[in-house]
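Residue-level listing of the chains:
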Amino acid sequence: LASWQATYRPAFAGVRLIGFQWSPLSHELKDFLSGYMVGYQWLDFEKDAEAAKLLATTEYGPDDLPVVICPDGQVASRPDKLDLARHLGIQVAAKQELYDVVVIGAGPAGLAAAVYGASEGLKTLIIERQTPGGQAGSSSRIENYLGFPTGLSGAELAHRAWTQATRLGAEFMAPQEVVDLCVKDGYKVLTLSDKTEIKARAVVLTTGVSYRVLTAPGLDRLSGAGVYYGAARTEARSCSNQPVYIIGGGNSAGQAAMYLSTYASRVFIVIRGESLAASMSAYLIEQISQTPTIELLPHTQVREACGGNSLEAVVIQRDGQEPAKHPARALFIFIGAKPSTEWIGHLALCDAKGYLLTGRDLVADPRYGTSWKKEREPYLLETCVPGLFAAGDGRAGAMARVASAVGEGSMAIKFVHQYLDE
Ligand SMILES: Cc1cc2nc3c(=O)[nH]c(=O)nc-3n(C[C@H](O)[C@H](O)[C@H](O)COP(=O)(O)OP(=O)(O)OC[C@H]3O[C@@H](n4cnc5c(N)ncnc54)[C@H](O)[C@@H]3O)c2cc1C
């Protein structure tokens, strides 16, 4: 029995994804599955003998990769995320005509708003364009969120919150992007990218921020094929025993460096400044300094990403020195973020950087007098449109912390009640 136990490997029962390691679509699908914490087996067609055998049992060939095989036997070639979500049983369309509150964006702020909205009896829908968790979902380890003394991954935190929100009765719809919002007959009418419309009495914008894109030769072409924004968790395994580079000196870069150091042979952190002190938490700086495989490259910039089908090297340049080419299996970019508010700017007032103005900041803005039409002043998290609230990182003055986003998302529901009672 002991020898059988030592050698027996039960057949994998979850989703199986067959593809080429450096295909951007394979990367997107892996990221999507990880974001929903779906257990999946990745089979690299070029390296894994089982991949070809498994593919032969389907109607597809190598030209159709990536191919997803679901536990119920359904097979999909090159599925987009919406198709994959349908296969996984994720809700992709609204079930009702009208909601008390629709929350846009399922980062920590949106998930908290959904938990409070549903638990307080509001008909609540939360819409997410990617995966639950937002920026926090891409964090490999959150160590400062209250109640988790040994830390937890952002995906796990998001999964817990998503489960909690749906258990309490919120509808979670994804991957769907809200592209427009208008006010008609006293209702907020949201338009999704597939032109579907959804009606709500109140809306909470928790759209957060998205990664800034870096421009340098090769970066765009190799994006998803060795060059990644966030995604350290998804791609860490593919970097085993290889050198990787990280651009950025914030906490997100620091967490990624620590996580990648358990796989990669060397991790180089490229920053333009002198040190991490001004931009990274002390606990991470300490962890990094005690990890011999991580090296900080100050006063340095990445000039080019090189490679055929995938990243093979980066050209980096230290101030005052000539550019030099170094082998690299992956480059992870964390150079800050911008608010995801372009689509709503025609309706809600934003500051010069695109962050949504609410409450007192709105009242202090010179455009307040012409944009706010109610006799009462806006509630603390209310935008210039009554009943349209903003919470979390996309709001002007937000703190860019998981805990503060969660706090604001919860508070927003309090104001939704006050607005609905008017
Ligand atoms: C890698 C990383 C590590 C971090 N680690 C920590 C940490 O350890 N501790 C800490 O306190 N903070 C940490 N932070 C910061 C923290 O994650 C953020 O402050 C927090 O996630 C903000 O939450 P949010 O809900 O406001 O926005 P976000 O997390 O940005 O979420 C916004 C969500 O809205 C969705 N969305 C945007 N537009 C639309 C649309 N039009 N339609 C539908 N959906 C839309 C996005 O896809 C996204 O999921 C980290 C951030 C990063 C990037």
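Residues numbered from 1 in each chain as written. Predicted model: local features only at pLDDT ≥ 70, side-chain atom pairs only at ≥ 80, totals over all residues. Heavy atoms only, no water.

A short note on the pairing of strand β16 (residues 300–306)
Piece 1. With six bridges joining them, β16 and strand β17 (residues 313–318) adopt antiparallel strand pairing. When the sheet's bridge partners are listed, Gln301 is paired in β17 with Gln317.
Piece 2. Linkage of β16 to β17, two consecutive antiparallel strands, is achieved through a turn of six residues, within which Gly307 is found at a positive phi near 155°. (Pairing = 2+ DSSP bridges. Helix = DSSP H or I, 4+ residues; strand = E, 2+ residues; numbered from the N terminus.)

Describing the packing of aromatic side chains
The description of two aromatic rings rests on the distance between their centres and on the angle between their planes.
Piece 1. A complete count under the given rule lists 12 aromatic pairs for this structure.
Piece 2. Ring geometry for Tyr36 and Phe172: centres 6.5 Å apart, planes at 80°, overall edge-to-face. Here Tyr36 is found in the loop between α2 (24–35) and β2 (40–44), whereas its partner Phe172 is found in strand β7 (residues 171–173), with 136 residues between them in sequence.
Piece 3. Ring centres of Tyr379 and Phe415 lie 5.7 Å apart, and the angle between their planes is 15°; this geometry places the pair in the stacked category. In this pair, Tyr379 is assigned in the loop between α12 (368–371) and β21 (388–390) and Phe415 in helix α13 (residues 402–420), connecting sequence segments 36 residues apart. One exposure class covers both Tyr379 and Phe415, and it is buried.
Piece 4. One aromatic cluster is present, formed by Phe32, Tyr36, Trp162 and Phe172 through successive ring pairs. (Phe/Tyr/Trp six-rings, centres within 6.5 Å; stacked < 30°, edge-to-face > 60°. Buried < 20%, exposed > 50% of the residue type's maximum accessible area, 1.4 Å probe, protein only.)

Looking at the site of the ligand
Piece 1. In the vicinity of the ligand, 36 residues are found, and the nearest of them are Glu128, Gln135, Asn144, Gln255 and Asp393.
Piece 2. One of the side-chain nitrogen or oxygen atoms of Glu128 is found 2.6 Å away from an oxygen atom of the ligand.
Piece 3. Arg129 places a polar main-chain atom, nitrogen or oxygen, 3.2 Å from a nitrogen atom of the ligand.
Piece 4. Against a free-state accessible area of 1,000 Å², the protein chains account for coverage of 95% of the ligand.
Piece 5. At the level of elements, α5 (108–119), α6 (134–137), β11 (209–211), α9 (251–260) and α13 are the ones that each hand at least two residues to the shell around the ligand.
Piece 6. For the shell around the ligand, the element with the highest residue contribution is α6, accounting for three residues. (Near = heavy atom within 4 Å. Polar contact = N/O pair within 3.5 Å; in protein donor to acceptor, adjacent residues only side chain to side chain. Areas by Shrake-Rupley, 256 points an atom, 1.4 Å probe, with all protein chains shown as cover.)

Some remarks on the sheet that holds β16
Piece 1. A sheet is described by the order of its strands in space; here three strands give the open sequence β16-β17-β18, paired in antiparallel fashion. Taken across any chain shown, the strands that pair with only one partner, and hence form the sheet edges, are β16 and β18 (324–327). Put simply, the sheet's adjacent strands are angled 35° from each other on average, direction ignored. (Axes fitted to C-alpha atoms, helices over the stretch in contact; angles between N-to-C directions.)

Looking at the nonpolar core
Piece 1. In this structure, Val204 and Val416 are the most contacted members of the largest nonpolar core, which totals 42 residues.
Piece 2. When we break this core down by domain, the ones giving at least three residues each are domain 1 (13–88) and domain 2 (98–211 + 337–420).
Piece 3. Counting residues in each nonpolar core, the second largest holds 31 residues, with Val102, Ile127, Leu190 and Val203 among its members. (Core = buried A, V, L, I, M, F, W, Y, C linked by side-chain atoms within 4.5 Å. Domains from an automatic or database assignment.)

Examining the packing of α5 against α13
Piece 1. At a minimum axis distance of 7 Å, the contact between α5 and α13 shows a crossing angle of 35°. Note on packing geometry: the crossing formed by α5 with α13 is right-handed. Residues Pro108, Ala109, Ala112, Ala113, Tyr116 and Gly117 of α5 pack against Val402, Ala405, Val406, Gly409, Ser410 and Ile413 of α13.
Piece 2. A class-by-class count of the residues in the contact of α5 with α13 yields nine nonpolar, three polar and no charged. (Left-handed = near helix turned anticlockwise from the far one by under 90°. Contact = heavy atoms within 4.5 Å. Nonpolar A, V, L, I, M, F, W, Y, C, P; charged D, E, K, R; others polar.)

Structural notes on the side chain of Ser410
Piece 1. Examined against the element boundaries, Ser410 turns out to sit in helix α13.
Piece 2. A distance of 2.6 Å separates the side chain of Ser410 from the backbone oxygen of Val406, its partner in a polar contact.
Piece 3. For Ser410, the contacting residues outside a window of four places in its chain are Ala112, Ala113 and Tyr116.

Some words on the sheet that holds strand β14 (residues 266–270)
Piece 1. Strand order in the open sheet formed by five strands is β12-β19-β13-β14-β15, and the pairing between neighbours is parallel. Edge positions in the sheet fall to β12 (227–229) and β15 (294–297), since each of these pairs with one other strand and no more. With direction set aside, neighbouring strand axes in the sheet form an average angle of 20°.

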